[in-house]
Each structure stands twice: as structure tokens, then as C-alpha cells.
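# Residue-level structural notes
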Amino acid sequence: MMPLETIVAGIMLVSLIFYALLAGADYGGGVWDLFAFGTRAKQQRELIAKAISPVWEANHVWLILVIVILFTAFPPAFATAATALHIPLTLMLIGIVLRGTAFTFRTYDSKHDRVQRRWSLLFSIASIITPIVLGITLGAIASGTIRVENNAVTSGFFASWLALFPFAVGFFALALFAFLAAVYLTLETNDRQLQEDFRNRALVAGAVVGILALIVFLLAATGAPTVRAGISRSRWALALHILTAIFASGAFLALWTRRFRWAQICAAAQVSLILAGWAFAQYPFLIEPDITITTAAAPRITLQLLLGALGVGAVLLFPSYYYLFRVFKRKNTLIAIRENPDKVIG
Amino acid sequence: MDDLLAARSQMAMSLAFHIIFAAIGIAMPLLMVIAEWRYLRTKDEIYLTLAKRWAKGTSILFAVGAVSGTVLSFELGLLFPKFMGYAGAIIGMPFSLEGFAFFTEAIFLGIYLYGWDRISPRKHLFAGVIVALSGAASGVFVVIANAWMNTPAGFRIVNGQLTEIDPVAAMMNPNAFSQTLHMILAAYAATGFAVAGIHAFMLIRDPTNRFHRIALAIALSVGGVTAILQPLSGDILAKAVARNQPIKLAAFEGQFETETGAGVRIGGIPDEEKRETNYAITIPYGLSILAYGDPHSTVKGLNDFPQNEHPPVAIVHLAFQMMIGCGMLMLGIAAWSAWRFWRNRKNPAGKWIDSNRFLRALVCAAPLGFIAIETGWVVTEVGRQPWIIFGVMRTSEAVTPMPGLIVPFVTFTLLYIFLAIITGWLLLRQVAASPKEFEPAEANDAA
């Protein structure tokens, strides 16, 4: 039987993966809003807005779940991360606030082009900056440069994240999210031309993901040596690499042959495996090298109650989530939206 | 501004901002559900139009509430990491439960706002009911955590470390029930009065508009009933504070001297140098009765507590007075409305609304509930100072070592001012676009 704290950490990882797969794609939508061009730019933007409007707030809650699990089950890890990464986390919060509000304001403000463009710009820039900063914080956590002595951070407020490796991870996260969004968007429409637009974007983003993955891996040699050692040497690592590579190629192949449902499944699996790979490589550290899952764990009673709450919560959450997606992501309803766009904005 | 003050100011500002949207997020779904339920019962399309109009406003406000709430969950650690490192294991539970309540709320709000044409009317109403319930649950869980900071329970301290942690006992802390009851009622009362005030304003210009008449009736019913119940919950809470945090009660009242048969002050300005509260009207024995239910009970004054445990008395006392004042005015207006309704019970429906004086009073009362929420929040948070965990950990011990905290404070303040202006402007647009003359076709266009 796995220790309780490892199970809780596993659930935290799963929540982070859900955040990347769902909310990540919403951020990616913001990226493609900025890069909407050509004769169908307006339709592209509308499709993005329709795809994320009903779901982004729910998707966003995965991040809150990650944070809540972190500070309930591993309070010292939360305190350390919040201290050492105060600046990037604050920037990320500003990004989260501006992304969400600009998107909502755009929906309810004047339909005048100039007003809409202004909110679009703010929405898309915030959608780009937030994933980068999120990646920077995760990169800093993986880098092994956050040091703690007697519960106090000794590595300062800049050094751990203001480095090449965390920034590379930041851009890698952005590319992944943009890739996911483009892949998902091919399924949000029956319009062949729009589908092609997002297929092309997905292929380009996929290529960028590949290049950045290589850069991150190379930089990890000095930027995050322990995690890289974990990724390169462990027994499970090879299997994980092969699986990730299979799904990455699968996503490409499926996009190429226009099997978009398969592309979606492969892309989601690819992103999940990347995050899982990072977590396994870093195990048993929450914040490498001074805070492990075990040393940071809350007392047993807290973990037990938290697991109970997570169990009950999951029973409520997953059926609700399924219902949300069934209501808004069914094919026939998608047709209904396209034919009658005014109906969408409640 | 030193870093501790900057951190406290940023937290205070973030909470003061978020609490408005949180309260609306709790109460608006109830108003929408009532309107939609009336529509299903009567098939009168005007109720459907109303539910949809309210839903639009709620959608804007909920988005701002969701992101500003996210900011808070991080700020707990960004500004007071030692508090979270110390207490996370014990008060993380209500936050975890709040996480799921928020999840449910966000999922079903998405369904509610965008699903008018996708699901059956009954399912749609049911989605609204879930939003209303989970919104209230979110509020309850968050306030439970705050109540724990006031009346910590469920642990022992050995050598400065928390041991024998019992998160269930922590959630059942002595103030949990009275504080959550008070806050939830406040959310309904404040939102009900604010919405009623807006529709009253429109009715003064356009007295026969049925849309606004119906909206006013629903909003004022919710706001009025809760405003009448609120003083009772306030009394329960005051007695809990008297029992569990006597120094905080003394600050509420500006009570410096320990006194048997203490009077309750109305108004008054505490002078912390001279340790006296001047210019107050005092009702004899009032405080002893209110706090302990016995006119001859003894109320311990601030002088009998160590000076370094005093909260800022003047701020707390003035905020407390303002909160009570707003609450009493709302109680009066609720009673007046009930009386008008009763007196006109034999007249045609809605006759009780027809009075310009009454409508003007409702317009003036619109902000009272939110003033009461803000000042009440000052009472509970500033009244807890200098502690972050009452009697256990000082706020100054919990603050982050991060220097230059004035920068994020100013940044978030500017950001929130910007959001407040835009939100206000967009809501004005919504109100201005409300139906001038109700036509059934509107119901379809409004979709």
C-alpha cells in the first residue's frame, strides 16, 4: 500500500494534468485569438469564444484544487513555493485576472469592432503570459535551486526562476497549450475550412512543441540536473519516452490524415505523459532538493480527511463535468451554435 | 509603508474587493431561480426575461469573483506563508471542500448561462438551484476558515508546534456557526437591497413598467426577509464574540473600563490615548444584556487586557457602529415594505409599490447592505488584530520575508480599480438596456 501522502501527491498531479488539458487549451485559445488571420479571422475568433465560454470557469478551478491540496496536505511546500516564487506567482495571478475578465468583458461590452479588438488583445496577451509564467514556476521548482533551511527560504526571490531553464519551460508550456487548443478546435466545428485552419495551426504548434522539448531537455543538463538524471537514467524512463514519442507521432499522423478525434486523444495523452514524466523524475521531491513528499506531509488525520473529501468530491465532480461537456460539446449542438450564433450568448 | 502594513493592506484590499462579488455570487442565483420558477409556474414570459437579464449581470460579476477569489487563495501563501505553513494542515479542510463547491458552482453556472436552449426548462431550473446551493456552500466553507482564525480549535501547541490536530474539531470551532450564518444572511440582504434599489430607480422614471415591478418584488422579498433575520444572527454572533473573544467585544464597543451593568454605546469616538470613548449616547445596561443576557453581568474592558494585544480600537468601533446603523436602516425599510404590502393586501397586486417616497427610500438603501458587509468585515478582521490566529500567532510573525511589498499592493489596487470601473460600466449598460415597455417577443430576443 502506497503511503497516504504519496496518494495525495498523485491526486495533485492528476489535478494538474486536468488543468493543463482543459484550462491549458483555454489559454491556447487565447493564443490563436491573437494569431487569427486571413479571410476567416473573425470566424476563427468566434469559434474560439464559443468553445471556451461555457467551460473556462469550471476548467480554471483545477488550479484552485491543486493549490488547495498543496496547502492542506503539504503546508511547508506551499509556504516555500509562495515565498521563493512570489514574483512569478504574482505575475501569473495578474495574468489570470486579466485573461478571465477581458474575455468576459469582451462578451458583454459593445459589439463595436474597436472595443472588441481592444478586449481581444488584452485577453490574448494575458492568455500568452499566464502559461509562460506558470511554466517558469514549474521549471523553477524542478530546477533544484530553491533552497530551504529551518523552514526559511535561503535562495532569495529571483535566482531560482530568473534563469534560462525555467524560461524555456515557460515557452514549452505555452507551446503545449497552443497545440492542445488547435487540436481541440478542429473538433469544435463542422466547417471544413475552419477545421483546416486549426489543423494547420496544430501541425505548426506540434513542431514547435518538439523543438522546445529538445531545448528544455538540453538545458536541463545544467538547469535541472536531478530531474534530467531521473528522466534519462531510470528504468521506467525509457518506457515513458517511448510512449510519449508514440503519442506525439500519433497526434501528428492523425492530424495529417484528418482523424481529429484520434489527434485529440493522442495530444492529450502526450501532454499527460510529459507532466507525469516530470513528476516521476522529481519523485520523491516536491521542491527539489530540500522538501520531499514525506517531510512536507501534514499529519495523517488531515491526509485521511482530505482523501475522503477528494473521494466524495470526485463522485460529485466527474458526473457534473461529464454533463457540462455533453451539453456543450455534442456535435449537433455545435451545429446549432453555428447556425444561430446569437443564441449562444445567454 | 512598511512591508507588514503593505501585506495587510493588499490582503484587506483583495478581500474587500472579492467579498462584494462573492456575496452577489451567493445571492443572485437565488433571485434568478425564483424568477425562473415563477416563469415555469405562470408561463408569463416576463419572468423568463427577468431571469435572463439577471443572468447576464451575474455572468460578469461571477467572472470577476472567480478570478479575484483565485488571487486570494494564492495570496494566503504569497503574503502570509508562515501562517499557511503553520495552519494549512488544520484549516485546509474547509478550503478543500470550498474547492469542490466552487467547482460545482462554476460547472452549473456554465450550464445555466449558456444552456437556455440546450436542456429542458426543468433541468435548467435545477442547474440554477445547484448554482444557488453550491454558491452558499462556498461561502459557508470560506467563512468557517475565517471563524477558525478568530476562535482556533482542534489542536494543541507543544513547543510552538501544532499537535493532536483534529481538522473536524477545527471546522466546528466556536464561531463557525454564528459567523457563517451572519455572512450568508448578509449576502442575501445586501444583494436583495442593491437589486431592489436599481429597479426602484428605474420605476421612478417609468412607474408602470411591469418588468421592474416584478424584479423589485422578488429582490425585496429576499433582501427584506434576510434583513429582518440579520439582527438575530448578529445577536448570536455578538454573544459568541463576548464568550470567545472578550477583547474584541470591548473594541466593538470602545469599552475601556471593566464595568458591571455596562451600557451600550450608540456612536462615539474612542480616544485610544486617553482610553475613553466620547460623544456616545449610552443606553444603560444595554451591553451587559446584549453580550451576556444579564443586566448586571460584568463586561471586561480593554484596560484589563495587555496593551500589546489591543486591536486598533477606533477603527473597529466606528466600523461596528456603521455596520449596525446600516443593518438597522435596512431592518426599518424591510418592516416598512412589509407594512405597505400588508396594508395593500386587498388592493390590486403591486399597489404597495406605488409610492415615490417608498421608491426613493429603496434607491437610497441600495448600497447599505454592501456598506454593512464591508464595515462588518473590517470589524471581524481588524478586530482580530494583532493576531492572525487569535491568541496563537501574530500577523507580524506570519508575513512573508519578501521585501518591497508595496509594489504588488499598488499593482493589485490599480488592477482592481480598473476592474471595478469596467464592471460598473458594463452593468450600467445592462441596466440601461432593460426593457422599456415589455413585449413578449423580448423574451426570445433576450436569449
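Please refer to the structure placed before this passage.
Residues numbered from 1 in each chain as written. Chains lettered and ligands numbered in written order. Predicted model: local features only at pLDDT ≥ 70, side-chain atom pairs only at ≥ 80, totals over all residues.

### A closer look at the overall build of chain A
Helix and strand counts for chain A stand at 14 helices and four strands. Relative to its length of 346 residues, chain A is compact, with a C-alpha radius of gyration of 20 Å against a globular reference of 20 Å. Principal-axis analysis of the C-alpha atoms gives chain A an extent of 60 × 40 × 35 Å. Sequence separation of 24 or more characterises 78% of the internal contacts of chain A that already satisfy a separation of 6 or more. (Helix = DSSP H or I, 4+ residues; strand = E, 2+ residues; numbered from the N terminus. Rg over C-alpha atoms; globule rule 2.2 N^0.38 Å. Contact = placed C-beta atoms within 7 Å.)

### Observations regarding the overall build of chain B
Secondary structure assignment for chain B yields 15 helices and ten strands. Taken against the 2.2 N^0.38 rule, which gives 22 Å for 447 residues, the C-alpha radius of gyration of chain B at 23 Å falls within 12% of a compact globule. Taken along its principal axes, the extent of the C-alpha atoms in chain B is 70 × 45 × 40 Å. The buried share among the 447 residues of chain B stands at 56%. Sequence-distant contacts, at least 24 apart, represent 76% of the contacts inside chain B between residues at least 6 apart. (Buried ≥ 20, exposed ≤ 12 C-beta atoms within 10 Å, placed from the backbone.)

### Focus: the packing of helix H1 (residues 4-34) of chain A against helix H3 (residues 56-73) of chain A
Residues and elements named next belong to chain A. Across the interface, H1 lies against H3 with an axial gap of 8 Å and an inter-helix angle of 155°. By the angle between their directions, the pair H1 and H3 is classed as roughly antiparallel. You can see that H1 and H3 cross each other, and the crossing is left-handed. Residues Glu5, Val8, Ile11, Met12, Ser15, Leu16, Phe18, Tyr19, Leu22, Ala23 and Asp26 of H1 form the contact with H3, whose own contacting residues are Trp56, Asn59, His60, Trp62, Leu63, Leu65, Val66, Ile69, Leu70 and Ala73. (Axes fitted to C-alpha atoms, helices over the stretch in contact; angles between N-to-C directions. Parallel < 35°, antiparallel > 145°, perpendicular 65-115°, else oblique. Left-handed = near helix turned anticlockwise from the far one by under 90°.)

### Points about the packing of H1 of chain A against helix H6 (residues 113-143) of chain A
Two quantities define a packed helix pair, namely the angle between the axes and the distance from one axis to the other. Residue and element names in this part refer to chain A. Where H1 contacts H6, the axes come no closer than 8 Å and their chain directions differ by 130°. Considering their axes alone, H1 and H6 lie oblique with respect to each other. Crossing of H1 against H6: the hand is left-handed. When H1 is examined against H6, the residues Gly24, Tyr27, Gly30, Val31, Asp33 and Leu34 are found in contact with a partner set consisting of Ser120, Phe123, Ser124, Ala126, Ser127, Ile128, Thr130 and Pro131.

### Structural notes on the interface of chain A and chain B
The interface of chain A with chain B comprises 54 residues on the first partner and 57 residues on the second. Elements represented by at least two residues in the side of chain A that touches chain B include exactly H3, helix H4 (75-84), helix H5 (86-108) and helix H13 (300-329) of chain A. For the side of chain A that touches chain B, the element with the highest residue contribution is H13 of chain A, accounting for 13 residues. Each residue belonging to the side of chain A that touches chain B can be placed in one class, and the counts come to 36 nonpolar, 15 polar and three charged. (Nonpolar A, V, L, I, M, F, W, Y, C, P; charged D, E, K, R; others polar.)

### Considering the environment of Gly156 of chain A
All names here are of chain A. For Gly156, the location among the structural elements is in the loop between strand E2 (152-153) and helix H7 (164-185). Under the C-beta neighbour-count criterion, Gly156 is labelled exposed, with 12 such atoms within 10 Å. Sequence spacing of Gly156 and Ile146 is ten residues, and the spatial spacing of their C-alpha atoms is 8.2 Å.

### Re the environment of Ala237 of chain A
Residue and element names in this part refer to chain A. Note on placement: Ala237 falls in helix H10 (residues 235-256). Ala237 sits 43 residues away from Phe280 along the chain, and the two C-alpha atoms are 8.7 Å apart. Among all residues touching Ala237, those that are not within four sequence positions of it are Ile231 and Ser232.

### Some points on the environment of Ser232 of chain A
Looking at where Ser232 of chain A falls in the secondary structure, it is placed in helix H9 (residues 225-233). Residues Ser232 of chain A and Val153 of chain A, 79 residues apart in the sequence, show an inter-C-alpha distance of 29 Å.

### Remarks on the nonpolar core
Membership of the largest hydrophobic core comes to 287 residues, with the highest contact counts inside it found for Phe179 and Leu180 of chain A together with Ala23 and Leu31 of chain B. Once residues within four sequence positions are removed from consideration, Leu180 of chain A is found in contact with Leu21, Gly24, Ala25, Gly28, Ala267 and Val271 of chain A. (Core = buried A, V, L, I, M, F, W, Y, C linked by C-beta atoms within 7 Å.)

### A word on unusual backbone geometry
Along the chain, Tyr283 of chain A connects to Pro284 of chain A via a cis peptide bond; the corresponding omega equals 5°. Locating Pro284 of chain A in the fold gives a position in the loop between helix H11 (260-282) and strand E3 (285-287). In this structure, the amide linkage connecting Glu288 of chain A to the following residue, Pro289 of chain A, adopts the cis form with an omega of 5°. Looking at where Pro289 of chain A falls in the secondary structure, it is placed in the loop between E3 and strand E4 (291-292). Unusually for a residue other than glycine, Asn151 of chain A sits at a positive phi of about 65°. Tracing the sequence through the fold places Asn151 of chain A in the loop between strand E1 (148-149) and E2. One non-glycine residue, Glu164 of chain B, lies in positive phi territory at about 50°. For Glu164 of chain B, the position within the fold is in the loop between strand E2 (161-163) and helix H5 (167-171). For Glu164 of chain B, a count of 12 C-beta atoms within 10 Å translates into the label exposed.

None of the figures reported here should be taken as evidence of function without further support.
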